[in-house]
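# Architecture and fold: a report
One letter stands for each residue in the lines below.
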Amino acid sequence: MTELIIINGTVVTQDVDRTVLKNSAVAVQDGSISAVGPTADVTTNHTANQIIDADGGVIIPGLINPHTHVSDILLRGSFAENRGLLDWLYNVKRPGTLAMQPEEHATAATLYCAEAIRAGVTTFVENDTEVLWDDWADIEAKLEIYNQSGIRNIYGAGMVDCGADNAFQALVLDIQTRDNDVDHPPLERFVEETDRVVKEVDSLIEAYHGSADGRQSIWPAPVVVETTTNRCFQAASALAEEHDVMTTVHVAEAEAQEQRSLSSIEYLRNIGYLGDRALLGHCVQIDEDDVRILAATNTSVAHNYMANMRLATGFAPVAAMVDAGVTVGLGTDNSILNDTVNPLSDLRAMAGGYKGYHRDPGVVSAQKAFDMVTIDAAEAIGRVGSLGSLEVGKQADIAIVDFDYPHLTPSPDPVFSLVHAAQGFEVDTVVCNGDIVMQDRQIQSFDESLDNILSRVTKTAADLVDRVGYDWHYRLYQTHGIRHRGHWILWRSRSHQYDTICKFNSCVNKHTTGGLSCWTVTPSGFPIAASVYKLIDSTPIPSISAMCLCWVGIRQCHTRKWRNCNRQYVRYGFIRYHICADFEIDTVDYMYNLWYSRGESVIHNSTILSYLPPRNAISTGTTVAVAWPLSDCLILLDEFEIFLWTILENNLCAHAIILGRFGSGSEISSIDSNCLLKSMRSVLCKQNTQAAAGRIKRVVSKVERLSVIL
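Residues numbered from 1 in each chain as written. Predicted model: local features only at pLDDT ≥ 70, side-chain atom pairs only at ≥ 80, totals over all residues. Heavy atoms only, no water.

## Brief notes about the overall build of the protein chain
Looking only at helices and strands, the protein chain features 23 helices and 25 strands. A total of 710 residues make up the protein chain; the buried ones form 59% of that total. For the protein chain, the accessible surface area stands at approximately 27700 Å², while carbon and sulfur atoms represent 47% of it. (Helix = DSSP H or I, 4+ residues; strand = E, 2+ residues; numbered from the N terminus. Buried < 20%, exposed > 50% of the residue type's maximum accessible area, 1.4 Å probe, protein only. Areas by Shrake-Rupley, 256 points an atom, 1.4 Å probe, with all protein chains shown as cover.)

Dropping the structure here:
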């Protein structure tokens, strides 16, 4: 008896003729496709244990992602986007992934698989480029999750057996100075002796290749040309031949990698690495000669459009490769560059992007684009005989796409609509190896609910980012529980850590007689850049009367996001309702209304909005703690003045504590008004700031006592 029949759909077979069958069905038995044809014929000739009604949807082969990375998904959104490849790699990805524990790799894998399944992916090739071969704990943590996920994975075991040359190392060290607060691993941390790394990969293949009912595969994966010896490349090819697998490597992604007279493609040809068992990632910086070599050696390429656009590395010569007969698949690459695991979404951008780049609307047709995540991707990973199309005898990897949406109506050509209109969320059902992995958008393979997964990921990611030392845009943790125990202060920049907490504690103990009110302001142009640190519980503060948050530059960066805050930020723990005892209001709505009703009326700079504390937020005699980085930023003086004036005019404060830096090299820990004025003048001495200094003097003279913690 047939196990499963999917009926009443438009079947995009992706066979050699690219046949599309309307009102048709696909039958599944023993994990393979047993029939494809009109629904009436298939249901007449096959009796199934289970029937899924596609209800007019489009039935497609499960999507194949030929190049991706998994663990760094926890770093999504944690860094400034204006980074090139090496800046991103050495200041963000490597520090972050190296700091991860096995359970964090498992959490990352869970999120990745959940996102991939909901996008219709049934096979992905992970390129694990930060492998420590001390043990397999990190690897096995992910492989176990892949097993549970129900979809196919190919684990590319990263191989690094030499360090970069002196010139490249010097370049990386210069790049790393941008983020001195980040815990950078030594450049040689991933380097292993050639024989050892080859032995480890060989053992891993022996142990796990073909596991998970055949859904799990292991490939040898030299990371990049610059950190792999000739012998390691040749050993990787030998391992692939011995175990009947493939091998993959990153090639010519950035210009800095192609500075020799011999191109990377020429080099790999010369040492015998190219061929039908090799899959090259990226291939952006290659020329016509390289394309001819790829075609002549039958070497496939995994193109990663969105990541290359994000890093501004350029356009790979995809049209030239396709015209030359090179098999090209489309990968999503890193989920912190793309920033999604969503091949259908990438198709639209890629196909349209190349038309514009070449100024030729005929470049990369919709059919060829769809091939890159189905049949061509299957060929690129060496699985064209079993994956990539809906044909009898092939493995039953299937997705159903719901076309009952306005943006997919009308749809006379489903392939065109899949490429140029679909966005990925329309995937309704996913089948892999004949098993239902997702139905009605509900993932079946994980016991844990999606909401729980997302909540767990959010907490894990926040902890990881804090440990590594990123200046994370959304470093705002849970702030509930402050009414009766614990005291919180918010500030920007990792440089304010334990020492500053102690200084703040000491200052609060010395000067506070009333309640404590905390809020933060960050410089214009920065997104939400706040950290929450719990102060030492023993601090004897009588009460906390209010806790408020403010971000300047909100109009530029986050107006739209804040309007959706209830659905997005609150859900993921970045903002919580009712975060203070005496300020029981919806914080999000309050801030939004406050900025646009009160803030706009007093701030005339078009890019700055400021928080003005309400009269009922704090009471007379309260110590005001302000996290305000004033370092070398003249524009903040206007906000600083308005902020303090507002407090003083309403008799809201007798003592203020300022957290901030007044220029590099300053070592002042606690100063009065005159010292503050002197310190500010020293910072602004290179500018014509006499008027600004006068404003500062007028403001600080109104404060009974002012302390500054640097």
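## As for the environment of Gly150
Tracing the sequence through the fold places Gly150 in the loop between α4 (137-149) and β8 (152-159). In this structure Gly150 comes out as buried when scored by relative accessible area, which is 12%. Separated by 282 residues in the primary sequence, Gly150 and Cys432 have C-alpha atoms spaced 6.7 Å apart. Dropping the residues within four chain positions of it, Gly150 is found in contact with Arg215, Cys432, Val437 and Ser445. (Contact = heavy atoms within 4.5 Å.)

## A few points about the confidence of the model for the protein chain
In this model, the protein chain carries an average pLDDT of 75, and 66% of its residues clear a pLDDT of 70 or more. Per-residue pLDDT stays below 50 along residues 472-689; that stretch engages in 460 contacts with residues further than four places along the chain or on separate chains. (pLDDT = per-residue confidence, 0-100.)

## Regarding the pattern of salt bridges
Two side chains carrying opposite charge are able to pair once their charged atoms lie near each other. Under the counting rule described, the total for this entry stands at 24 salt bridges. Where Glu115 meets Arg76, a salt bridge forms, and the shortest distance between an N and an O atom there is 2.8 Å. Of the two residues, Glu115 is situated in helix α3 (residues 102-118) and Arg76 in the loop between β6 (63-69) and α2 (85-98); the sequence distance between them amounts to 39 residues. A relative accessible area of 19% means that Glu115 is categorised as buried. Judged by relative accessible area, Arg76 falls into the partly exposed class, the value being 26%. A salt bridge links Glu448 to Arg456; the shortest N-O distance between them is 2.6 Å. Because the salt bridges share partners, they merge into one network encompassing Arg83, Asp87, Arg178 and Asp179. (Salt bridge = Lys/Arg side-chain N within 4 Å of Asp/Glu carboxyl O.)

## Let's talk about the nonpolar core
Counting 122 residues, the largest nonpolar core has Leu268, Leu280, Met321 and Phe370 as the members making the most contacts within it. With 8 residues, the top contributor of residues to this core is α3. Filtering out sequence-adjacent residues up to four positions away, Leu268 remains in contact with Val225, Phe233, Val251, Tyr273, Leu274 and Leu280. (Core = buried A, V, L, I, M, F, W, Y, C linked by side-chain atoms within 4.5 Å.)

## A closer look at the environment of Thr299
Along the chain, the position of Thr299 falls in the loop between α9 (288-296) and β12 (300-303). The sequence separation of Thr299 and Ala278 amounts to 21 residues, and the corresponding C-alpha distance is 5.8 Å. Excluding its chain neighbours within four sequence positions, the residues that come into contact with Thr299 are Leu274, Gly275, Ala278, Leu280, Leu294 and Val326. In this structure the side chain of Thr299 is engaged in a polar contact, spanning 2.9 Å, whose partner is the backbone nitrogen of Gly275. Among the polar contacts made by the side chain of Thr299, one reaches the side chain of Thr297 at a distance of 2.8 Å. (Polar contact = N/O pair within 3.5 Å; in protein donor to acceptor, adjacent residues only side chain to side chain.)

## With respect to the state of the cysteines
Throughout this description, disulfide means a covalent bond between two cysteine sulfur atoms. Overall, the coordinates contain 0 disulfides when judged by the stated rule. Between Cys232, a free cysteine, and Cys162, which holds the nearest cysteine sulfur, the sulfur-to-sulfur gap is 8.3 Å. For Cys232, a relative accessible area of 0% puts it in the buried group. (Disulfide = S-S within 2.5 Å.)

## Quick look at the sheet that holds strand β9 (residues 216-222)
Reading across the sheet, the 5 strands line up as β9-β8-β7-β6-β14 and stay open at both edges, with parallel pairing between neighbours. The open sheet terminates on both sides in strands that have one partner only, identified here as β9 and β14 (333-334). Running over the sheet, α3 touches β6 and β7 (121-128) and is turned about 140° from β7. Relative to β8, α4 is tilted by about 165°, and along the sheet it contacts β7, β8 and β9. (Pairing = 2+ DSSP bridges. Axes fitted to C-alpha atoms, helices over the stretch in contact; angles between N-to-C directions.)

## Looking at the packing of aromatic side chains
Between two aromatic rings, the relevant description is the distance of the centres plus the angle of the planes. Applying the stated criterion across every chain yields a total of 12 aromatic pairs. With centroids separated by 5.2 Å and ring planes inclined at 80°, the aromatic side chains of Phe124 and Tyr146 adopt a geometry described as edge-to-face. With a gap of 22 residues between them, Phe124 in strand β7 and Tyr146 in helix α4 connect regions that are remote in the sequence. The residues Phe124 and Tyr146 share a single accessibility class, namely buried. A connected cluster of aromatic rings, assembled from ring pairs, spans Tyr305, Phe315, Tyr354 and Tyr357. (Phe/Tyr/Trp six-rings, centres within 6.5 Å; stacked < 30°, edge-to-face > 60°.)

## Section: the sheet that holds strand β11 (residues 278-282)
Read across the open sheet, the 4 strands follow the order β10-β11-β12-β13; overall the sheet is parallel. Lying at the two open borders of the sheet, with one neighbouring strand each, are β10 (247-251) and β13 (328-330). For this sheet, the mean inter-axis angle between neighbouring strands, taken without regard to orientation, is 25°. For β10 and β11, the ladder comprises 5 bridges, and the chain directions are parallel. Across the sheet, Thr248 pairs through a bridge with Leu279, a residue of β11.

## Concerning a negative patch on the surface
Taken together, the side chains of Glu3, Asp30, Asp213 and Asp435 make up a negatively charged region of the molecular surface. Within the secondary structure layout, Asp213 lies in the loop between α6 (194-208) and β9. Exposure remark for Asp213: the relative accessible area of 69% places this residue in the exposed category. (Patch = residues over 30% accessible without salt bridge, like charges linked within 9 Å, V, L, I, M, F, W, Y side chains within 5 Å. Lys, Arg positive; Asp, Glu negative; His and termini not counted. Charge placed at Lys NZ, Arg CZ, Asp CG, Glu CD.)

## Describing the environment of Val160
Along the chain, Val160 falls in the loop between β8 and α5 (166-176). We classify Val160 as buried; its relative accessible area is 7%. As for Val160 and Thr129, which are separated by 31 residues in sequence, their C-alpha atoms are 8.5 Å apart. Setting aside residues up to four positions removed in sequence, Val160 forms contacts with Phe190, Val191, Glu192, Val197, Val223 and Thr227.

## Section: the packing of α3 against α4
Running from N to C, α3 and α4 cross one another at 30°; their axes reach a closest spacing of 8 Å. Relative to α4, the element α3 is oriented roughly parallel. In terms of crossing hand, the pair formed by α3 and α4 is right-handed. Residues Pro102, His105, Ala106, Ala109, Thr110, Cys113 and Ile117 of α3 touch α4, and the partners they reach there are Ala137, Asp138, Ala141, Lys142, Ile145, Tyr146 and Ser149. (Parallel < 35°, antiparallel > 145°, perpendicular 65-115°, else oblique. Left-handed = near helix turned anticlockwise from the far one by under 90°.)

## Notes on the pairing of strand β16 (residues 427-432)
Within a regular strand, side chains alternate between the sheet's two faces. Burial within β16 is extensive, with 5 of its 6 residues counted as buried. Bridge analysis of strand β15 (residues 398-401) against β16 gives 4 bridges, and the strand direction is antiparallel. Opposite Ala399, over in β16, you have Val430 as the bridge partner. Pairing geometry for β16 and strand β17 (residues 435-439), over 3 bridges, is antiparallel. The partner of Val431 across the bridge, within β17, is Ile436. Between the end of β16 and the start of β17, which pair antiparallel, lie 2 residues, with Asn433 showing a positive phi angle near 60°.

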